[in-house]
Amino acid sequence: METRQQPSERDRPAGQRRRELLEAADRVVLRDGPKASMNAIAAEAGITKPILYRHFGDKGGLYRALAKRHTDALLDSLRLALDAPAERRERVEATLDTYLAAIEARPQVYRFLMHPAETPQPETGAAAGAGSGETGFDVGRHSAPLLRRLGEELAKVIHDRVELGPEGERLARVWGHGIVGMMHAAGDWWLGDRPCSRAELVRCLADLLWGRLAAVSDKAGGPGF
């Protein structure tokens with residue numbers, strides 16, 4: 001009986017291989033958090049580091065791909081919360097809770113995306129013999145665009161749903177980025193210190209937002225907020 005061989009690295013479709021590599025990277029990030037390294041990710045995927053670089057270009061390319069993967073999933077969850085058949089206040093609280101639940105469920109992923117490793121990660125194998133070292137992912141360079149994307153996406157939701165007058169688009173962007181900044185800062189503090197329950201934090205943040213949100217009307221013909 002003829003034995004079927006597994007497809008080689010070059011034989012696999014690029015999209016499929018890229019997904020497999022991102023899944024391997026996710027497993028390492030879940031284990032190592034901000035200390036995840038290209039060496040560890042390549043080892044998890046069963047490939048050499050040059051092959052990993054071939055798919056993503058550099059560490060920044062891999063970070064951006066992982067950030068997009070997790071941001072897309074988070075945005076899908078936030079949209080579901082915003083579109084739930086409930087009163088506006090309930091949807092505001094559900095949206096805040098969705099964000100906090102996401103970072104609570106996968107804190108290592110959150111820390112990888114938002115916090116740099118404290119120390120550079122040493123190379124292993126031949127590279128170690130050469131005396132070189134692998135520095136951590138340049139998180140600060142890439143996390144700001146991630147938050148900016150969340151802010152712009154929320155701004156679009158607000159502009160599409162809420163009547164804010166002639167300066168509505170500009171004001172929606174102020175609100176979108178302001179809310180994301182608040183969620184990020186409060187969530188980061190809460191995840192580290194755990195000063196209260198998630199439900200209490202959600203309630204407090206919703207109270208802070210509620211004054212103006214309670215007063216504005218839904219945009220005519222829009223999906224409502």
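No experiment lies behind these values; they were computed from the predicted model shown. (Residues numbered from 1 in each chain as written. Predicted model: local features only at pLDDT ≥ 70, side-chain atom pairs only at ≥ 80, totals over all residues. Heavy atoms only, no water.)

## Focus: the overall build of the protein
Consideration 1: In terms of helices and strands, the protein carries 10 helices and two strands.
Consideration 2: When the helices and strands of the protein are placed in sequence order, the string is α-α-α-α-α-α-β-α-β-α-α-α.
Consideration 3: Per-residue burial over the protein gives 42% buried out of 225 residues.
Consideration 4: Across the protein, every contact between residues at least 6 apart in sequence was considered, and the portion connecting residues at least 24 apart equals 71%.
Consideration 5: When the accessible surface of the protein is split by element, carbon and sulfur atoms take 53% of a total near 12,400 Å². (Helix = DSSP H or I, 4+ residues; strand = E, 2+ residues; numbered from the N terminus. Buried < 20%, exposed > 50% of the residue type's maximum accessible area, 1.4 Å probe, protein only. Contact = heavy atoms within 4.5 Å. Areas by Shrake-Rupley, 256 points an atom, 1.4 Å probe, with all protein chains shown as cover.)

## Some words on the environment of Gly176
Consideration 1: Positionally, Gly176 belongs in helix H9 (residues 168-193).
Consideration 2: Gly176 gets classed as buried once you look at its relative accessible area, which sits at 0%.
Consideration 3: With 21 residues separating them along the chain, Gly176 and Ala155 place their C-alpha atoms 4.2 Å apart.
Consideration 4: Non-local contacts of Gly176, meaning those with residues more than four positions away in its chain, are made with Gly151, Leu154, Ala155 and Ile158.

## Describing the side chain of Ser143
Consideration 1: Along the chain, Ser143 turns up in helix H8 (residues 139-161).
Consideration 2: Classification of Ser143 as buried rests on a relative accessible area of 11%.
Consideration 3: What Ser143 contacts, discounting residues up to four positions off in sequence, is Tyr63, Leu113 and Met114.

## What to know about the packing of aromatic side chains
Consideration 1: This structure, assessed with the given rule, holds one aromatic pair.
Consideration 2: On the basis of an interplanar angle of 40° and a centroid distance of 5.7 Å, the ring pair of Tyr63 and Phe112 is categorised as tilted. With Tyr63 in helix H4 (residues 59-82) and Phe112 in helix H6 (residues 107-114), this residue pair connects regions lying 49 residues apart in the sequence.
Consideration 3: For Phe112, a relative accessible area of 2% gives the class buried. (Phe/Tyr/Trp six-rings, centres within 6.5 Å; stacked < 30°, edge-to-face > 60°.)

## Topic: the pattern of salt bridges
Side-chain pairs of opposite charge can arise whenever the charged atoms involved come near each other.
Consideration 1: According to the stated counting rule, one finds 18 salt bridges in the structure shown.
Consideration 2: Linking Arg79 and Asp76 is a salt bridge whose minimum nitrogen-to-oxygen distance equals 3.4 Å. Of this pair, Arg79 and Asp76 both sit in helix H4, three residues apart, roughly one helical turn.
Consideration 3: What makes Arg79 partly exposed here is its relative accessible area of 34%.
Consideration 4: In this structure, Glu153 and Arg79 form a salt bridge, with 3.0 Å as the shortest nitrogen-oxygen distance. Here the residue Glu153 occupies a position in helix H8, and Arg79 occupies one in helix H4, the gap between them amounting to 74 residues.
Consideration 5: The class of Glu153 is partly exposed, set by a relative accessible area of 24%.
Consideration 6: One continuous salt-bridge network, built from bridges that share partners, spans Arg27, Arg31, Asp32 and Glu44. (Salt bridge = Lys/Arg side-chain N within 4 Å of Asp/Glu carboxyl O.)

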